[in-house]
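The lines below spell out each chain.
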Amino acid sequence: MSVKIVFADKQQLDFPEGTTVAQAAQAWNSKALDGAVAARVNGVSVDLGAPLQADGALDLIDMHSADGLAVLRHSISHVMAHAVQDVFAEAKVTIGPSIEDGFYYDFDCDTTFTVDDFPKIEKRMQEIVDADHPFVREELSREDAIRLFADRNETYKVELINDLPADVSVVSLYKDGDYVDLCRGPHIPSTGKIKAFKLLSVAGAYWRGDERNKMLQRIYGTGFADPEALQEYLDLIEEAKKRDHRRLGRELDLFQTNDEAGAGLIIFHPKGMMLRYLIEEWERQEHIKRGYDMVMGPQILKVDLWKKSGHFDHYRENMYFTEVDEQTYGIKPMNCLSHMLIYKSKIRSYRDLPLRYFELGTVHRHEKTGVLHGLLRVRQFTQDDAHILCMPEQLNSEIRAIADFVNYAMGVFGFEYEVELSTRPAHSIGSDADWELATRALENALKDNAIPYEVNEGDGAFYGPKIDFKLKDAIKRKWQCATIQCDFTLPERFDLSYIGPDGEKHRPVMLHRVILGAIERFMGVLIEHYAGAFPVWLSPVQATILTVTEKHIPYAQTVHEALLASGIRSETFFDNEKLGYKIRQAQMQKIPFMLVVGDKEAESQTVAPRARDGRNLGAMSVEQFVALVREMCENRAR
RNA sequence: GCCGAUGUAGCUCAGCCGGUAGAGCAACUGAUUCGUAAUCAGUAGGUCACCAGUUCGAAUCUGGUCAUCGGCUCCA
């Protein structure tokens, strides 16, 4: 029997059945195996050593491709587990997949691993690599596999096999040397193919990601096709550290957190507050343009109102409470309640809808200590929040308008983003019918507007499904900022109504939505995105005036005042230092323009701007400079 | 909240086996008056996160608390 194999270039060759993928590929093209780590036969990933058993299309997976790197890293994770068990005999293996940028493996081990153990583990890994053990695939019955792992005291592997679906009767194992792991594969042909790896960090992780389960020890590492690519990645990590918003927040004097004030609470310094003011002011204008009404509710509301809304029952552990005159008040974790009360303040007609209430609403949420992170995860934050009350038939166009708004806003700041639809979570309120209706409404709006999205099962808010917009920051981390949530429950609980054309009362639907999300988080993402070098319109300081010597101070002062009067955010730097020093300081502060003022400028009543990128713009009048800055602001230019 | 690590001057970090703290940069003062990424000299600055305990004696050892960092879980 022979099999017909079609290769990437459409060439078709016949081979005896049982010919391995590698042999076939070699016959097709003698260089085909260079850099190949695995292959796809009819779209299914297989080892290079896999036998060909049927006709099909074969293409090779290159080590440099995303799929190839995943295979390589998965193989390195086996080598790491192998090495860890050689170093720590009592370590039990659990799971160890490849992930974006690397891999990890989780172990259950009484000895706690530290980064100081890495050299030992890496040394052992290198020995395994040097030994060039082939990765050997074996298939065993469920029972035999369970017996094998039980004999080796690998209880987690036994649990994994036991939990496989009932119709799985055969499982695959991979061996390299004396190490055996339960694994679907594919793997690289042998450990010797590994040319570049590094262990990065150790952390705790719950078995199967469930906080009720045992905490395991996870070792993260990465691997690349060659040492150069690994070094490039390590350099990228260094670069990411340099643009960490917590570091830049201090260096650029934007904000602080303070032990004495409390965890997760941000204290904005003048420059950080200016940045925040600029973002917020921009937002207000954009909301007014789009038909939103600005409103504002109180910071605390009586606990009974939180009971009515369902927050007390479903969100209490995240809320702060305070006692005033024997009354318990809940400090708001969300802004919706006041907006509901505004709606209820009079009888609404269908002609009034949609109503769009916008509030830069400051909320408090009691986040778990371990999740706090700079500006990105805090306990007090301000949302650019709005609640849209509309008729069900208006949902579609309202969602579309919000999606357009988000798209516009992301464009202004230069972010890419992805869209996800999150459905009903385990812990939620409302009827199945309402959830169905709300989820359908969001989904239809996405489909009608041809917005590509992915479904995120069970990730909705407790009161309704949501569309999440995940923007990608400078180091490709994804952050949830914008979100649209569809809510039939709160209007019900607050008995909201409008009088329809038929003269009868009807129930409005509510959309909760944010565009930037939390201002604090968005600022954190922005700082990293721009690496602290904000575009001119967002720069807390747009120009700093540098004197060549002390005698130029009087003229520089008049320039400064003229700029301030023109609405330019100007700063003076008159220290008794050399010009080079002042330029260096201004450069490190990432100020867009440095205005050098010396004899020439004072005499000709000009300034000599030096742009942040080092370009010397030559002498120009103050008016010309003001016009330049204004134009850049309008174009939102860097 | 969980696992692990860390907490020394404004910042970055030294400080071995317990004997009451040190550098660079920043700051301040003085000199210098200088043209596109660091002028020179001097001075000052620390409850060693906090609270207990062990000890003749604790930055150092032990326990607790707080905070930060890397993750997990959760999330704007």
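From a predicted model like this one, the values you see are computed outputs, not experimental measurements.

1. Considering the domain arrangement of chain A
How big an interface is tends to be stated in terms of accessible area lost as the parts join.
And then number 1: For chain A, the assigned domains read domain 1 (2-62), domain 2 (67-240), domain 3 (268-298 + 333-530) and domain 4 (536-635).
And then number 2: Using C-alpha coordinates to define each centre, domain 2 is positioned 57 Å away from domain 4.

2. Notes on the protein's contact with RNA strand B
And then number 1: Taken together, 55 residues lie around RNA strand B, and Tyr206, Asp259, Arg377, Asn576 and Arg584 are the ones closest in.
And then number 2: Atoms of RNA strand B within 4 Å of the protein: sugar and phosphate make up 49%, bases the balance.
And then number 3: Here Glu367 contributes a side-chain N or O atom positioned 3.3 Å from a base nitrogen of RNA strand B.
And then number 4: Separating a sugar or linking oxygen of RNA strand B from a backbone N or O atom of Gln480 is a distance of 2.8 Å.
And then number 5: Here the residues of the surface near RNA strand B sort into 19 nonpolar, 16 polar and 20 charged.

3. Structural notes on helix H13 (residues 432-448)
And then number 1: In this model, H13 (17 residues) spans 24 Å end to end at C-alpha, consistent with the 24 Å of a helix rising 1.5 Å per residue.
And then number 2: Among all positions in H13, only Trp435, Ala438, Thr439, Ala441, Leu442, Ala445 and Leu446 are buried. The arc enclosing the buried residues of H13, seen along the axis, measures out at 150°, which places them on a common side. Away from its buried face by more than 90 degrees, H13 exposes Asp432, Ala433, Lys447 and Asp448.
And then number 3: One or two positions beyond H13, positive phi appears at Ala450, with a value near 55°.

4. Here's the deal with the sheet that holds strand E26 (residues 478-487)
And then number 1: Strand order across the open sheet formed by 8 strands is E16-E21-E22-E29-E26-E25-E23-E24, with mixed pairing between neighbours. The open sheet has two free edges, formed respectively by strand E16 (293-294) and strand E24 (454-456), since each of these has just one partner strand.
And then number 2: Of the strand pairs in this sheet, strand E21 (residues 355-364) and strand E22 (residues 380-390) are connected by 10 bridges, and their pairing is antiparallel. What sits directly across from Thr362, in E22, is Thr382.
And then number 3: In this fold helix H11 (residues 336-343) packs onto E21, E22 and strand E29 (509-518), with an angle of close to 150° to the strand it touches most, E21.
And then number 4: Packing against the sheet, helix H12 (residues 395-413) makes contact with E21, E22, strand E23 (417-422), strand E25 (466-472), E26 and E29, and its axis sits at approximately 5° to E29.

5. Remarks on the environment of Arg348
And then number 1: As for its position among the elements, Arg348 is in strand E20 (residues 348-349).
And then number 2: Overall, the relative accessible area of 8% leaves Arg348 in the buried class.
And then number 3: Once residues within four sequence positions are removed from consideration, Arg348 is found in contact with Ile342, Tyr343, Leu355, Tyr357, Ser497, Tyr498 and Ile499.
And then number 4: Polar contacts involving the side chain of Arg348 include one to the main-chain carbonyl oxygen of Ile342, which spans 2.9 Å.

6. Examining helix H16 (residues 553-565)
For an α-helix, 3.6 residues make a turn, and residues three or four places apart therefore share a direction.
And then number 1: Taking 1.5 Å of rise per residue, the 13 residues of H16 would be expected to cover 18 Å, and the 18 Å separating its terminal C-alpha atoms lies within 8% of that figure.
And then number 2: For H16, the full list of buried residues reads Tyr555, Ala556, Val559, His560 and Leu563. Projected onto a plane normal to the axis of H16, the buried residues spread over an arc of 145° and lie on a single side. For H16, the exposed residues lying more than 90 degrees away from the buried face are Pro554 and Ala565.
And then number 3: Those residues of H16 hidden inside the fold are in contact with strand E30 (543-547), strand E31 (570-573), strand E32 (593-597), helix H18 (599-604) and helix H19 (622-635).
And then number 4: Two residues or fewer past H16, Gly567 is found with a positive phi of approximately 85°.

7. Examining the packing of aromatic side chains
And then number 1: Applying the stated criterion across every chain yields a total of 20 aromatic pairs.
And then number 2: Consider the rings of Phe593 and Phe625, whose centres lie 5.3 Å apart with planes at 90°: the pair is edge-to-face. Here Phe593 is found in strand E32, whereas its partner Phe625 is found in helix H19, with 32 residues between them in sequence. A single burial state applies to Phe593 and to Phe625, both of which are buried.
And then number 3: The rings of Trp282, Phe413, Phe415, Phe522 and Trp537 are connected pair by pair, giving a single aromatic cluster.
And then number 4: One residue, Arg218, lies across the ring of Tyr104, its end atom 3.6 Å from the ring centre.

8. Regarding the pairing of strand E19 (residues 327-331)
And then number 1: When strand E17 (residues 300-302) meets E19, the two strands line up antiparallel, connected through 3 bridges. Bridged to Lys302 within E19 is Tyr329.
And then number 2: Here strand E18 (residues 320-324) runs beside E19; their pairing, made up of 5 bridges, is antiparallel. Bridge assignment links Phe321 to a residue of E19, and that residue is Gly330.
And then number 3: In sequence, E18 turns back onto E19 through a hairpin of 2 residues, with Asp325 there showing a positive phi of about 50°.

Cut-offs used in this document
- Residues numbered from 1 in each chain as written.
- Chains lettered and ligands numbered in written order.
- Predicted model: local features only at pLDDT ≥ 70, side-chain atom pairs only at ≥ 80, totals over all residues.
- Heavy atoms only, no water.
- Domains from an automatic or database assignment.
- Near = heavy atom within 4 Å.
- Polar contact = N/O pair within 3.5 Å; in protein donor to acceptor, adjacent residues only side chain to side chain.
- Nonpolar A, V, L, I, M, F, W, Y, C, P; charged D, E, K, R; others polar.
- Helix = DSSP H or I, 4+ residues; strand = E, 2+ residues; numbered from the N terminus.
- Expected span 1.5 Å × (residues − 1).
- Buried < 20%, exposed > 50% of the residue type's maximum accessible area, 1.4 Å probe, protein only.
- Arc of directions from axis to C-beta.
- Pairing = 2+ DSSP bridges.
- Contact = heavy atoms within 4.5 Å.
- Axes fitted to C-alpha atoms, helices over the stretch in contact; angles between N-to-C directions.
- Phe/Tyr/Trp six-rings, centres within 6.5 Å; stacked < 30°, edge-to-face > 60°.
- Lys NZ or Arg CZ within 6 Å of the ring centre and 35° of its normal.

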